[in-house]
Amino acid sequence: MPFDSIIDDSAVIDSTVTGSATATVRLQPLDWRAVLAADVPARRPLLEPILAAGEIAVLRGPRGAGKSLLALHLAIALARGGGKVLGWRVSGGGRRVLFVDGVLPLAVLRDRLAALADDTGGKAPAGELHVLSHETQARVLPDLATPEGRAEIADLARNYDVIVLDSMMPPGRGASARAAAAWSAVAGWLRDLRRCGTAVLVVEGDRARGLPWLEAVADTVIALSRPKGHEPDEGARVEVRVVKSLRAHGPALAPFEASLAVNGGTACWQRESLRGPTPAEVWELHVQGLSIRRIAARLGLSKSKVHRWLQAEETAHLARLHAALSRARPRREVPAADAAPPPVPASVAVPPVPPTAGPDPQLERFAFHLGRNDIPRALAVFGWSWRKLVPWLDAMDKMRPAVPAPAVEPYRIAA
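Overview of the structure. These numbers come from a predicted model, not from an experiment.

Rules behind the numbers
- Residues numbered from 1 in each chain as written.
- Predicted model: local features only at pLDDT ≥ 70, side-chain atom pairs only at ≥ 80, totals over all residues.
- Heavy atoms only, no water.
- Pairing = 2+ DSSP bridges.
- Helix = DSSP H or I, 4+ residues; strand = E, 2+ residues; numbered from the N terminus.
- Salt bridge = Lys/Arg side-chain N within 4 Å of Asp/Glu carboxyl O.
- Axes fitted to C-alpha atoms, helices over the stretch in contact; angles between N-to-C directions.
- Parallel < 35°, antiparallel > 145°, perpendicular 65-115°, else oblique.
- Left-handed = near helix turned anticlockwise from the far one by under 90°.
- Contact = heavy atoms within 4.5 Å.
- Nonpolar A, V, L, I, M, F, W, Y, C, P; charged D, E, K, R; others polar.
- Core = buried A, V, L, I, M, F, W, Y, C linked by side-chain atoms within 4.5 Å.
- Buried < 20%, exposed > 50% of the residue type's maximum accessible area, 1.4 Å probe, protein only.
- Polar contact = N/O pair within 3.5 Å; in protein donor to acceptor, adjacent residues only side chain to side chain.
- Expected span 1.5 Å × (residues − 1).

Below, the discussion takes up the sheet that holds strand 4 (residues 51-52). Strand pairing within a sheet occurs via backbone hydrogen bonds; the two strands may be parallel or antiparallel. Here 4 strands make up an open sheet; going across it, the order is 4-3-7-6 and the pairing antiparallel. Each having just a single partner strand, strand 4 and strand 6 (84-85) make up the two edges of the open sheet. Judged from the 2 bridges that link them, strand 3 (residues 45-48) and strand 7 (residues 88-90) form a sheet pairing that is antiparallel. Following the sheet pairing, Leu 47 is matched in strand 7 by Val 90.

Structural data, given as structure tokens:
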């Protein structure tokens, strides 16, 4: 096992000493230097950035959101090797994958497998993809709530690099204490699979009682949700968010919208960036005259957040307005004696001074009403609106002459 190098065999207590039926293991706190020096196997990515060898990923979502469909496509991609699926890169060649399905009818599973497999362009998977369906067995599938069921699935998992468990978790019926014990045992069993180097993808509904146990031991948690305004006739269209990741971070985990397009019997997932509202969009709706409440309802934001973004935009426009006022006010007449430029060496070229724009009467009137820096009141008195003021500020910025760089005479070192 991967971590046997940091486990001391002398920590095993003989059962004859303890009086218990089985041997127990003494707890061994490690010095931090021993942890740094431990021989931990290097991470072997399988599906970057969400899954690697010896990691546990949980794919959860509401009923009918497309969890099983997406999990089956991921299993096919891992068995095929190489390429990308939904922007996630499949590392290395084909893997040995076991897909365990405990709910889908065999006919539906066959149709989905045929549609998704055609997406490979007729290329057979380089690895192995085996399917364990509840309808192809002479008996029911093992119950993970029992030690015997967990041991049977673990025995199968030793022959595969990746195992996908779709709707195989304990249902959680019965007494709450008994259900909690079953889920706790499943979480410990998943940790044992991780120690053996097997990658596990668990597919479960977001209303499962034992979901906190699964997410606690998972390295990655992927949450699916239905987009706003989704209709059943649109097919599989879902928002994908990575809500937990112990190793990856950054733009690779950005949320996106996935939709399944079927063309001629071939299914293919498509990815579209899921970008949230921006302060610029909030400001544009504010300029159009929408209230804070209507902006928050349209963009799916809280009213306090809309208010904060609007205050920040008004502060930025106020700074631009003061800069425009300072440029447009007439300058004080400079005496002739002071206006004479200092002598400049003949070797230094003096750029021409751009002409200054004259004062704007409208701007001077607006500056009179802006004595207290209250933009809304000045706009109301002057009869302007943000819709007129912002383009006017943009035009003033474009008319602003470029400030020439000061001419600096090169420094000469005396001989």
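What follows deals with the pattern of salt bridges. Tallied over the full model, the rule gives 12 salt bridges. One network of salt bridges, with partners in common, ties together Arg 43, Glu 48, Glu 55 and Arg 247.

Attention shifts here to the packing of helix 8 (residues 279-287) against helix 9 (residues 292-299). Relative to each other, helix 8 and helix 9 sit at 135°, their axes nearing to 10 Å. The angle between the axes of helix 8 and helix 9 places the two elements in the oblique class. Here helix 8 runs over helix 9; the crossing is right-handed. Across the interface between the two elements, Val 282, Leu 285 and His 286 of helix 8 pack against Ile 295, Arg 298 and Leu 299 of helix 9. Tallied by class, the residues present in the contact of helix 8 with helix 9 amount to 4 nonpolar, 1 polar and 1 charged.

Strands sit in the order 9-8-10-11-5-12-13-14-15 across an open sheet of 9 strands; the sheet is mixed. Edge positions in the sheet fall to strand 9 (128-133) and strand 15 (266-273), since each has one partner strand and no second. Each neighbouring strand pair of the sheet contributes to a mean axis angle of 20°, computed without reference to strand direction. Bridge count between strand 5 (residues 56-61) and strand 11 (residues 199-205): 6 bridges; the pairing is parallel. From the neighbouring strand, Leu 59 faces strand 11, where its bridge partner is Val 203.

On to the nonpolar core, then. In terms of nonpolar packing, the biggest core is built from 44 residues, with Leu 47, Trp 88 and Val 164 touching the most fellow members. For this core, the element with the highest residue contribution is helix 3 (residues 67-80), accounting for 10 residues. Other than its neighbours up to four places away in sequence, Val 164 contacts Ala 71, Ala 75, Val 97, Leu 98, Phe 99, Val 100, Leu 201 and Val 203. One finds Leu 141, Met 168, Ala 187 and Val 202 within the second-largest nonpolar core, a separate group that totals 28 residues.

So, on to the side chain of His 73. As for its placement among the helices and strands, His 73 is situated in helix 3. One polar contact links His 73 to Trp 269, side chain to side chain, over a distance of 3.1 Å.

Contact geometry of helix 5 (residues 147-157) with helix 6 (residues 176-195) gives a least axis separation of 11 Å together with a crossing angle of 20°. One element, helix 5, and the other, helix 6, form an angle in the roughly parallel class. As helix 5 runs across helix 6, the sense of the crossing is right-handed. Every residue of helix 6 that contacts helix 5 at Arg 150, Ile 153, Ala 154 and Ala 157 is listed here: Ala 185, Val 186, Trp 189 and Leu 193. When its residues are assigned to classes, the contact of helix 5 with helix 6 shows 7 nonpolar, no polar and 1 charged.

It is worth spelling out helix 3 at this point. Residues separated by three or four positions in an α-helix point in the same direction, a consequence of the helix having 3.6 residues per turn. Over its 14 residues, helix 3 extends 20 Å from the first C-alpha to the last, a length consistent with the 20 Å expected when each residue adds 1.5 Å. Following helix 3 by one or two positions, Gly 81 adopts a phi angle in the positive range, close to 85°.

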